[in-house]
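One-letter residues, chain by chain:
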Amino acid sequence: MDEAERRPLTAMIDRAAGPPDCAAYERMGGFRGVRRALSGMSPGDVIEEVTKSKLRGRGGAGFGTGPKWSFVPKDPASQRRKYLVANGDEMEPGTFKDRLLVEGNPLQLVEGMIISAFAIQASFGVIFLRGEYHRGLECLENAVLEARERGWLGENILGSGFNFDIHVHPSAGRYICGEETALLTALEGRRANPRSKPPFPQVGGLWGAPTVVNNIETFCNIPHIIANGADWYLGLSACADGGTKLYGVSGRAKRPGTWELPLGVTLGEIMDRAGGMQDGYKLRAFLPGGASTAFLGAEHENIVMDYGTVEKAGSRLGTGLAILLDDRTCPVGMIRNLEHFFAQESCGWCTPCRDGLPWVERLLNAIDEGEGEQEDMDRLADHVRLLGPMGRTFCAHAPGAIAPLASGLALFREDFEAHIRERRCTYQDAA
Amino acid sequence: MSIVETPASGVPAGTPPEFPQDLRDKIADMVAHEHHARGAAIEAMRLTQKRFGWLCDAHMREIAKLCSMSMADLDGIATFFNLLFRKPVGENVVMLCDSVSCWLMGEEKVRARFCEKLGIKRGQTTPDGKVTFLPIVCLGHCDHAPAMLVNEELYGNVDTETVDRVIDQMKNGSVRGES
C-alpha cells in the first residue's frame, strides 16, 4: 500500500490548493465507490459490506455503522420517505477533525452520503453543520451545487433510478444539537431538546420518518469501503475495528494538529507526530477524545487508542482528539472551564442537568478562587453520583459532563484539597 | 441562551428597516421546500440576521408569519440558540473561544486585552457601536489555540498583538482573516 492508500480520508486534501472540484476529485480516484454501489450492488449488499468492514461511528459513541443502518425499514426509497443526516455539529471542545474534512474534500462527504442513502433507500439528505464554520459552509454549498449540476445528486443518479439530494443546514449554535435526536428536533424548527428513545431515529426520526444520523468522518469512510472492499478496509487498522481515524492533540504539545492514522495506534505515536510536549512542560493527564471523556493520567501515555482499550482504562475514545493537561496548568481551573461549558450548554430540559451542572460550576468557581470549603468536595461527589451513570438524566449530556469531574476528583484530589486549605489557586504563581 | 447581555449603547434604536421583499420571497421559497413550514424557521432567522445584524421584533413577526408559527414560538427558538441575537450588536462581532483548548493556551490573557482595549466586558458593545465582544464555544481550531471569529473570519494563534491589530482594523473598517 502506498502512503496515500494508507490514509484514504485525507489523501486528496491539499489545504493550500482548496477542495477539489468534481473533475479533480474523479481524477484522484473519487466516485469509484458510488459507481460500484449504484451499478450492480443491492442496498443490502452495501449494508453488508459496511458491516463487514467493522466501521464504528466516529462521532463519539462508536456504534457500528452497518448495524445502525440495518434497523431502517427496508422499503424502497420510492415508496417511503426516509432521511439521511450528516452530523457536522462539531462542537465537542478540543475536536477539530470534521472541519478539516468539510473544508478539505467536501465531495468525499457527498459521495459517502449518496452511497449511504442508497443503502438505506433514503431520498432526502441533510448536512447539519456548525453555524460558526463559515468557510466549511461555503465549501459544502459549492460541492453540493456542482454535484447536482453534474448529475451526482438529483433524479436517476447514474441511470440507476435512485433519487437523492442534499440540503445544507447551518446550525444556530448549541452543543446539544450534536445529540442525534436533539439535532433532528432542531431541523424541525424547535428548541433542540433531545427526544426519548424509542422510537429510535432509524424508525421514527425527522418528521417521524425513518432517519439515519452519522458523523461526517463516518460518512467519509464509506466511498473507500465500497470502492476497495471490507477486507482492504480492515487491513488499514491496527486493531479489531476497521479503518483509519483522524487523531489529534491540542494543548501544550510542540505541534498540535490532527493526523489520519491506523485505528488503534498508541497515544505515544500520535504525540510523536506532535513533536512531544513543549519544552518546560510535562504531560500530567489527558482527555482522550474531547471534553466529555474522563481524564487518564500520564501513566497511560502509551495507551492504544482504540474503542475497547480506552474504555477499559476508564474513559472513552470519543472523537479521538486528545486534550493535554500539562504539569504547569491548574487542573481545578481546567475542570472549572469544562464544567462552565457543560452548564452553559445544558438544554435545560431535565432538572438534574439544568440545575446540577450550574451548581457544580459554582462550587468549582469557589474552590478555584480560594473560597471553597471542605464540604464542597462532598457536594461535588454527590453530583458525580447523581448525574453520572447513564439513565439518571434524559440524555447523555450530563454523564458526559460529569466524566472529567469524576476522574479529576480522583486524579487531582491533592490539588483540590490544596486550593481549599490555602484558600487560593496554588498554580497562580507558576503561571 | 443569548450571549448578548446588554443592548448596544451605540446602536440607534429607531424604527427597524422594512422587511425586504427579496428576503420575504427567499423565506417563502425555503418554506415551500420543507416538509413543514416551521422547518425553515432557523435558517430564516439566520438569513435575516445576516442582513441586519440582529433580529428585531418587527422582523421576527414577519418570519413567524412566513413560517406559520406564533411569535412566541419563534422567539422561544431564537432565545435557545447562541448565534441568534435578539438585541442589536455592533458593526463588528468578535467571538473569542473560551473552551478548554483555548483556555489552556492563554485565552484569559487575550480576553483581558480585548476588555481593556475596548473598555467593555464580554457581552457588551463599545459606545461607538463599532465592536461587540462575545465568548463562543470551541471553533474547531484547537491546533491553533487561542482561536476567535471576527465577523466570519477565523483567526488562530491569537495573542495580545493580534488583538491590538484587529482592533485597529475594526476601527478603520477593514477586517481580514489570517487563520
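Residues numbered from 1 in each chain as written. Chains lettered and ligands numbered in written order. Predicted model: local features only at pLDDT ≥ 70, side-chain atom pairs only at ≥ 80, totals over all residues. Heavy atoms only, no water.

- Chain B goes by NADH-quinone oxidoreductase subunit E in an unreviewed UniProt entry, where it is assigned to Tanticharoenia sakaeratensis NBRC 103193.
- Recorded in UniProt for chain B, the comment headed Sequence similarities (unreviewed entry) runs: "Belongs to the complex I 24 kDa subunit family." (UniProt positions renumbered as here; feature names shortened; annotations may be inferred.)

- As recorded by an unreviewed UniProt entry, chain A carries the name NADH dehydrogenase/quinone and is attributed to Tanticharoenia sakaeratensis NBRC 103193.

### Side note on the overall build of chain B
Reasoning step 1: Helix and strand content of chain B: seven helices and five strands.
Reasoning step 2: For chain B, the N- to C-terminal ordering of α and β elements is α-α-α-α-β-α-α-β-β-β-β-α.
Reasoning step 3: With 179 residues in all, chain B has 54% of them scored as buried.
Reasoning step 4: In chain B, once contacts between residues fewer than 6 apart in sequence are set aside, the share between residues at least 24 apart is 62%.
Reasoning step 5: When the accessible area of chain B is evaluated, it comes to approximately 7700 Å², of which 48% is carbon and sulfur surface. (Helix = DSSP H or I, 4+ residues; strand = E, 2+ residues; numbered from the N terminus. Buried < 20%, exposed > 50% of the residue type's maximum accessible area, 1.4 Å probe, protein only. Contact = heavy atoms within 4.5 Å. Areas by Shrake-Rupley, 256 points an atom, 1.4 Å probe, with all protein chains shown as cover.)

### Side note on the pairing of strand E3 (residues 131-136) of chain B
Residue and element names in this part refer to chain B.
Reasoning step 1: Burial runs high along E3: six of the six residues are buried.
Reasoning step 2: Sheet topology places strand E1 (residues 92-97) next to E3; six bridges connect them, and they run parallel. Directly across from Val93, in E3, lies its bridge partner Thr132.
Reasoning step 3: As consecutive antiparallel partners, strand E2 (residues 124-125) and E3 are separated by five residues, and within that stretch Gly129 has a phi angle of approximately 75 degrees, a positive value. (Pairing = 2+ DSSP bridges.)

### Description of unusual backbone geometry
Reasoning step 1: Residue Pro199 of chain A follows Pro198 of chain A across a cis peptide bond; omega there is 0 degrees.
Reasoning step 2: In this chain, Ala145 of chain B is followed by Pro146 of chain B through a cis amide linkage whose omega measures -5 degrees.
Reasoning step 3: For Pro146 of chain B, the location among the structural elements is in the loop between E3 and strand E4 (148-150).
Reasoning step 4: The backbone of Lys54 of chain A sits at a positive phi, close to 55 degrees, despite the residue not being glycine.

### Examining the domain arrangement of chain B
Reasoning step 1: Each assigned domain of chain B is listed with its residue range as follows: domain 1 (1-89) and domain 2 (92-172).
Reasoning step 2: Measuring from the centre of the C-alpha atoms in domain 1 of chain B to the corresponding centre in domain 2 of chain B gives 25 Å. (Domains from an automatic or database assignment.)

### Focus: the UniProt feature "binding site: [2Fe-2S] cluster" (unreviewed entry) in chain B
All names here are of chain B.
Reasoning step 1: Mapped onto the present numbering, the UniProt feature "binding site: [2Fe-2S] cluster" (unreviewed entry) falls at Cys97, Cys102, Cys138 and Cys142. In summary, the annotated positions, though distributed over 46 residues, converge in three dimensions, the widest C-alpha pair being only 9.6 Å.
Reasoning step 2: Inspection of the secondary structure puts Cys97 in strand E1.
Reasoning step 3: Setting aside anything within four residues of it in sequence, one finds Cys97 in contact with Cys102, Glu107, Ile136, Val137, Cys138, Leu139, Ala147 and Met148.

### What to know about the packing of aromatic side chains
All names here are of chain A.
Reasoning step 1: A complete count under the given rule lists twelve aromatic pairs over all chains for this structure.
Reasoning step 2: Plain terms: the ring middles of Tyr25 and Phe31 are 4.8 Å apart, the flat faces sit at 85 degrees to each other, and that makes the pair edge-to-face.
Reasoning step 3: Judged by relative accessible area, Phe31 falls into the buried class, the value being 0%.
Reasoning step 4: Residue placement shows Arg328 over the ring face of Tyr281; its charged tip is 4.3 Å from the ring centre. (Phe/Tyr/Trp six-rings, centres within 6.5 Å; stacked < 30°, edge-to-face > 60°. Lys NZ or Arg CZ within 6 Å of the ring centre and 35° of its normal.)

### Observations concerning the confidence of the model for chain B
Reasoning step 1: On average, chain B scores 91 in pLDDT, and the residues at 70 or more come to 89%.
Reasoning step 2: For this predicted complex, the interface confidence score (ipTM) comes to 0.95, while the overall pTM stands at 0.95. (pLDDT = per-residue confidence, 0-100.)

### Notes on the sheet that holds E3 of chain B
By way of backbone hydrogen bonds, the strands of a sheet pair with one another, either parallel or antiparallel.
All names here are of chain B.
Reasoning step 1: Pairing is mixed across the open sheet formed by five strands, whose spatial order is E2-E3-E1-E4-E5. Pairing within the sheet leaves two strands with one partner each, and these edge strands are E2 and strand E5 (153-155).
Reasoning step 2: Pairing between E2 and E3: two bridges, direction antiparallel. Across the sheet, the residue bridging to Thr125 is Thr132, located in E3.
Reasoning step 3: Relative to E4, helix H7 (residues 160-172) is tilted by about 15 degrees, and along the sheet it contacts E1, E3, E4 and E5. (Axes fitted to C-alpha atoms, helices over the stretch in contact; angles between N-to-C directions.)

### Considerations on the packing of helix H2 (residues 41-52) of chain B against helix H3 (residues 57-66) of chain B
All names here are of chain B.
Reasoning step 1: For the pair H2 and H3, interaxial distance at closest approach is 10 Å and the crossing angle is 145 degrees. In this structure, the crossing between H2 and H3 has a hand that is right-handed. Packed against H2, whose contacting residues are Ala41, Ala44, Met45, Thr48 and Phe52, the element H3 presents His59, Met60 and Ile63 at the interface.
Reasoning step 2: Tallied by class, the residues present in the contact of H2 with H3 amount to six nonpolar, two polar and no charged. (Left-handed = near helix turned anticlockwise from the far one by under 90°. Nonpolar A, V, L, I, M, F, W, Y, C, P; charged D, E, K, R; others polar.)

### So, empty space enclosed by the protein
Residues and elements named next belong to chain A.
Reasoning step 1: Using the criterion set out here, one finds two cavities of 30 Å³ or more in the structure.
Reasoning step 2: Volume-wise, the largest cavity comes out at about 80 Å³.
Reasoning step 3: Taken together, 13 residues form the lining of the largest cavity, with Cys347, Cys350, Cys353, Cys395 and His397 sitting closest to its centre.
Reasoning step 4: For the lining of the largest cavity, the per-class residue count stands at nine nonpolar, four polar and no charged. (1 Å grid on protein atoms, 1.4 Å probe; cavity = no way out; pocket = protein on both sides within 12 Å on 5 of 7 lines; lining within 4 Å. Points joined across faces, edges and corners; volume = space filled by probe spheres on them.)

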